[in-house]
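Chain residues, written in single-letter form:
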Amino acid sequence: MGNPESILVTGGAGFIGSNWLSLMVPRFPKCQFINVDSLTYAGNLASLQHIQESENYRFHRADIRDRDSVNDVWMTYRPDTVVHFAAESHVDRSISGPIEFIETNVIGTLNLLEAFRTAGDTDRNRFHHISTDEVYGSLGDEGLFTEETRYDPSSPYSASKAASDHLVRAYHRTYGLPVTITNCSNNYGPRQFPEKLFPLMILNAMEGKSLPVYGTGTNVRDWLYVDDHCEAIWTVLTEGVSGETYNIGGNSERTNLEVVHSICRAVAEELGRPFEDLLGQITYVKDRPGHDFRYAIDASKIQADLGWSPKESFESGLKKTVQWYLQNPEWIAQVRSGEYRQWIEQNYTQR
Ligand code: NAD
Ligand code: DAU
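Reference entry: report on the structure contained in this document. The residue numbering used here restarts from 1 in each chain and proceeds along that chain's sequence as written. For this description, chains carry letters from A and ligands carry numbers from 1, given in the order in which they are written. Confidence filtering applies because this is a predicted model: local features only for residues at pLDDT of at least 70, side-chain atom pairs given and counted only at 80 or more, and all residues used for totals across whole chains, interfaces and linings. Hydrogens are left out, water is left out, and the side-chain values use all remaining heavy atoms of the structure.

**A closer look at the packing of helix 6 (residues 197-206) against helix 8 (residues 256-271)**
As a rule, the C-alpha atoms of each element are fitted with a line to give its axis, helices using only the stretch in contact, and angles between N-to-C directions run from 0 to 180 degrees. Helix and strand definitions here come from DSSP, where helices need a minimum of 4 consecutive H or I residues and strands a minimum of 2 consecutive E residues; each element is numbered from the N-terminal end. The contact between helix 6 and helix 8 brings their axes to 10 Å, and the two run at 45°. With respect to each other, helix 6 and helix 8 are oriented oblique. As for how helix 6 packs across helix 8, the hand of that crossing is right-handed. Contacts between helix 6 and helix 8 involve Leu-197, Phe-198, Met-201, Ile-202, Ala-205 and Met-206 from the former and Asn-256, Val-259, Val-260, Ile-263, Val-267 and Leu-271 from the latter. Oblique is the label for any angle not covered by the other classes, which are roughly parallel (under 35 degrees), roughly antiparallel (over 145) and roughly perpendicular (65 to 115). Crossing chirality is assigned from the near helix's rotation relative to the far helix, an anticlockwise turn below a right angle marking it left-handed and a clockwise turn marking it right-handed. Should any heavy atoms of two residues lie within 4.5 Å, those residues are counted as being in contact.

Written out as structure tokens, the structure is:
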């Protein structure tokens, strides 16, 4: 597939979507980007201020759970391509309230696929679905997730993403629709909502608050700087083979405790504070139920077939991320609404 002419981007006000639009809107001025987002607690237009006046960018507020709204959006813009980021994305929230995860991640994806399938005379270049390595379940000490690993999701979040992956694949096999799927490991970087490990720990470290590590802190994640994920998505969108799945990972495994130590070191350096003081803020809290032990990606398919590999090292990506949070207090104040405070209260005081 060549470069698309009009892309309907769902969830573009969230963490990965806003970073993706920030890179792609100025880079491809001839392509129209229509950002469709319902602006849940995780969607923030402040993340898109720098591109909101761009001629090739539009924002349209709509909820993908609502089939009529999706059809309206479709008929208004008639995009040739979909890049589908929108989702309920936080595992802990899926444990305390799974329903919205099924509604948005499964029904929302189905509504988009149906609009794409029944799109009449619209050119259908590609439906690209953004998914997660969590669909594969948990690894032990050894091994890597490949595209052939059996699906074995543990949380309502990962089960909903697995269901949506199956729907996308089924629409390819049954209706011949041009689709691609990427399953990526944990992202970190600017504009991430401070419920996730990186921004939560960075902000708490900066503010002298406790750093709540689940269980013993020995769970392992494979960390990828968000811009590397964004570049991989564009590569798969334009060069990936329809019907194929590509795993994306950072080849950067860390235990959670190692991550928290690195964050403490980076924040200490930026603020000129003693590292040991920040380490003293670490507390161990009750573990997440069904907590997957280890994720690690074999990204050799996307590397060999499409020539993508991550550019950012963990250390340089972490430094950029910490600096971004230090330099953007207004953004932080904006996302820390009453709802955010309620979540922190609910999730951490009872642990
Ligand atoms: P996020 O929670 O930061 O953003 C989600 C966005 O979707 C928000 O802007 C929100 O307003 C929007 N949204 C939610 N429900 C909606 C609905 N019903 N209708 C319209 N918009 C809705 O998520 P993220 O971390 O940016 O993740 C984006 C995608 O990438 C998700 O599909 C997620 O599963 C996947 N993913 C995330 C990671 C990660 O580490 N964050 C890794 C791999 C894959
Ligand atoms: O692997 C990709 C997935 O990564 C994405 O699909 C999800 O959308 C994204 O949220 C992320 O899921 P995780 O559950 O791995 O991310 P989270 O930041 O919630 O947690 C990362 C690890 O840190 C995990 O082992 C739990 C632990 N943790 C998390 C928080 C918020 C803590 O120890 N303390 C915390 O306060």
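**A few points about the pairing of strand 2 (residues 32-37)**
In this scheme, a residue with accessible area under 20% of its type's maximum is buried, one over 50% is exposed, and one in between is partly exposed, where area comes from a 1.4 Å probe on protein chains only. Among the six residues in strand 2, five count as buried, and that is most of the element. With the strands pointing away from the viewer, any crossover whose connection runs clockwise from the first strand over the helix to the second is right-handed. In terms of handedness, the path from strand 1 (residues 6-10) via helix 1 (residues 15-27) over to strand 2 forms a crossover that is right-handed. Two strands form a pair only when DSSP identifies at least two bridges running between them. By the bridge criterion, five bridges tie strand 2 to strand 3 (residues 57-61) in an arrangement that is parallel. Bridge assignment links Asp-37 to a residue of strand 3, and that residue is Arg-61.

**A short note on the site of ligand 1**
Here, proximity means that at least one heavy atom of the residue falls within 4 Å of the molecule or strand. Close contacts around ligand 1 come from 29 residues, with Ile-16, Asp-37, Ser-89, Tyr-157 and Lys-161 the closest. Here ligand 1 loses 97% of its free accessible area of 840 Å² to cover by the protein chains. If you list the elements that add at least two residues to the shell around ligand 1, you get helix 1, strand 5 (126-132) and helix 5 (156-175). Looking at the shell around ligand 1, the element that brings in the most residues is strand 5, giving three residues. A per-class count over the shell around ligand 1 returns 13 nonpolar, twelve polar and four charged. All accessible areas in this document rest on Shrake-Rupley with a 1.4 Å probe, and a residue is counted as covered only by the protein chains that are shown. Charged means Asp, Glu, Lys or Arg here, nonpolar means Ala, Val, Leu, Ile, Met, Phe, Trp, Tyr, Cys or Pro, and polar covers whatever is left, Gly included.

**Observations regarding the packing of aromatic side chains**
Pairing of aromatic side chains requires ring centres within 6.5 Å, counting the rings of Phe and Tyr and the six-membered ring of Trp. Pairs whose planes differ by under 30 degrees are stacked, by over 60 edge-to-face, and all others tilted. All chains considered together, the criterion is met by 22 aromatic pairs. Judged by centre distance (5.1 Å) and plane angle (75°), the ring pair of Trp-324 and Trp-331 falls under edge-to-face. Accessibility assignment for this pair places Trp-324 and Trp-331 in one class, buried. Here the aromatic cluster, defined as three or more aromatic residues joined through ring pairs, consists of Trp-20, Phe-28, Phe-33, Phe-85 and Trp-234.

**Considering helix 4 (residues 99-117)**
One less than the number of residues in a helix, times 1.5 Å, gives the span that helix is expected to have. Given a rise of 1.5 Å per residue, 19 residues ought to cover 27 Å, and the 26 Å separating the end C-alpha atoms of helix 4 matches this to within 8%. Of all the bends in helix 4, the largest measures some 25° and sits at Ile-107. All of the buried residues along helix 4 are Phe-101, Thr-104, Asn-105, Val-106, Gly-108, Thr-109, Asn-111, Leu-112, Leu-113, Ala-115 and Phe-116. Looking at the buried positions of helix 4, the neighbouring elements they touch are strand 1, helix 2 (67-77), strand 4 (81-84), helix 3 (91-96), strand 5 and helix 5. Two axes enter the definition of the bend at a residue: one is fitted to the seven residues ending there, the other to the seven starting there, and the bend is the angle between them.

**Some remarks on the pattern of salt bridges**
We define a salt bridge as a side-chain nitrogen of Lys or Arg found within 4 Å of a carboxyl oxygen belonging to Asp or Glu. By the definition in use, this model includes 15 salt bridges. The salt bridge involving Glu-231 is made with Arg-27; its shortest N-O contact spans 2.7 Å. Linking Glu-231 in helix 7 (residues 226-239) with Arg-27 in helix 1, this pair joins segments that are 204 residues apart in sequence. According to the relative accessible area criterion, Glu-231 is partly exposed, its value standing at 26%. Between Arg-117 and Glu-114 there is a salt bridge; the shortest N-O distance is 2.7 Å. With a gap of three residues between them, Arg-117 and Glu-114 both fall in helix 4, about one helical turn apart. Residue Arg-117 is classed as partly exposed on the basis of its relative accessible area, which comes to 29%. Connected through salt bridges with shared partners, the residues Arg-93, Glu-195, Lys-196 and Glu-339 form a single ionic network.

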